[in-house]
Amino acid sequence: MHFPIWAQAGFWGFVAGAALLVGAGAGYFLNVPQRLIAAITAFGSGVLISALSFELMDEAFRQGGFMATATGFVAGAAVYTLANRILASYGAKHRKRSGDRQPKEEEAGGSGTAIAVGALLDGIPESIVIGLSMLQGGMVSKVAVAAIFLSNIPEGLSSAAGMKRAGRSRAYIFGIWGGIAAASGIAALVGYAAFQDFPPAVIAATTAVAAGAILAMLVDTMIPEAFEEAHDYAGLITVAGFLCAFALSKLGS
């Protein structure tokens, strides 16, 4: 049975987003050392840096040229940074931290909602990219899906461990990540359906917007967690993640 392309986009977006639940389960039920969480986060950061470099920025440049790519890239980073600063003021600054940085609800009222919105903000750009990748020939970029899946595991792992330490309930933690997994599928579907009739320059700029938002998210939320606990080896582990995704990209081409 052949499913329509928009449904396939939604499916692959959900698959990539489901890795957040896998990571959250490990972070909640297993006593994973913080240093190991940081190492996994560093690896995931490297994976995403490689993916946005070779799968997103290269493709955006090929489709729309430098100006559309550069404009979208800076705009994506600026919008993410502004939204992240607003959420940080409500208690979501350390939403990716596995230690004791996340505030309890009684310490910062509304921080639970801010963390949920922040987690959604972090995941949507990645998922839109999956839908955009299907605009060329109706085939998903398996490299992009694999890279996002691999990077989502440490995101869910680190954040869920921090949420548990902050006293968040199991229903809250898995409700967030289950909801974001579903939203990832919807975002990928929208990424395909909403942009299929747009000119290449618009698609290129949108891809670059996602790339800029992802890079800003990495520097603001994931890399600090990686460096704080695994700083002696964070750079080397990040390089290993980058090389892994680079190899996937070249083997998949």
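Residues numbered from 1 in each chain as written. Predicted model: local features only at pLDDT ≥ 70, side-chain atom pairs only at ≥ 80, totals over all residues. Heavy atoms only, no water.

Taking an unreviewed UniProt entry as the reference, the protein chain is identified by name as ZIP family zinc transporter belonging to Pseudoduganella lurida.

Some thoughts on the overall build of the protein chain
Of regular secondary structure, the protein chain possesses 7 helices and 0 strands. Along the protein chain, helices and strands appear, N-terminal first, in the series α-α-α-α-α-α-α. For the protein chain, with 253 residues in total, the buried portion stands at 49%. Here the analysis covers contacts within the protein chain between residues at least 6 apart in sequence; of these, 86% occur between residues at least 24 apart. As presented, the protein chain carries roughly 11300 Å² of accessible surface, and 70% of it is formed by carbon and sulfur atoms. (Helix = DSSP H or I, 4+ residues; strand = E, 2+ residues; numbered from the N terminus. Buried < 20%, exposed > 50% of the residue type's maximum accessible area, 1.4 Å probe, protein only. Contact = heavy atoms within 4.5 Å. Areas by Shrake-Rupley, 256 points an atom, 1.4 Å probe, with all protein chains shown as cover.)

Details of the UniProt feature "transmembrane region" (unreviewed entry) in the protein chain
UniProt records the feature "transmembrane region" (unreviewed entry) at residues 6-29, 36-54, 66-87, 171-195, 201-221 and 233-252, using the numbering of this structure. Within the segment residues 36-54, helix and strand shares are 100% and 0% respectively, and the terminal C-alpha atoms sit 27 Å apart. Helix makes up 100% of residues 201-221 and strand 0%. Its end C-alpha atoms lie 30 Å apart. (UniProt positions renumbered as here; feature names shortened; annotations may be inferred.)

A few points about a nonpolar patch on the surface
A contiguous nonpolar patch, built from Phe61, Phe66 and Met67 and spanning about 380 Å² of accessible area, is present on the exposed surface. One can find Phe61 in helix 2 (residues 34-92). We classify Phe61 as partly exposed; its relative accessible area is 48%. (Patch = residues over 30% accessible without salt bridge, like charges linked within 9 Å, V, L, I, M, F, W, Y side chains within 5 Å. Salt bridge = Lys/Arg side-chain N within 4 Å of Asp/Glu carboxyl O.)

A closer look at the pattern of salt bridges
Following the criterion strictly, the structure yields 1 salt bridge and no others. A salt bridge links Glu59 to Arg62; its shortest N-O distance comes to 2.6 Å. Of this pair, Glu59 and Arg62 are both found in helix 2, 3 residues apart, which corresponds to roughly one turn of the helix. For Glu59, a relative accessible area of 25% corresponds to the partly exposed category.

Brief notes about the packing of aromatic side chains
For the structure shown, the criterion picks out 7 aromatic pairs. Residues Phe29 and Phe174 carry aromatic rings whose centres are separated by 5.7 Å and whose planes lie at 25° to one another, so their mutual orientation is stacked. Separated by 145 residues along the polypeptide, Phe29 in helix 1 (residues 5-29) and Phe174 in helix 5 (residues 170-193) bring together distant segments of the chain. Ring centres of Phe195 and Phe198 lie 5.4 Å apart, and the angle between their planes is 45°; this geometry places the pair in the tilted category. Taking relative accessible area as the criterion, Phe195 reaches 18% and is therefore assigned buried. Phe198 sits in the partly exposed class, given a relative accessible area of 42%. Members of the aromatic cluster, connected to one another through ring pairs, are Tyr28, Phe29 and Phe174. Over the ring of Tyr28 we find Lys164, and its NZ or CZ is 4.7 Å from the ring centre. (Phe/Tyr/Trp six-rings, centres within 6.5 Å; stacked < 30°, edge-to-face > 60°. Lys NZ or Arg CZ within 6 Å of the ring centre and 35° of its normal.)

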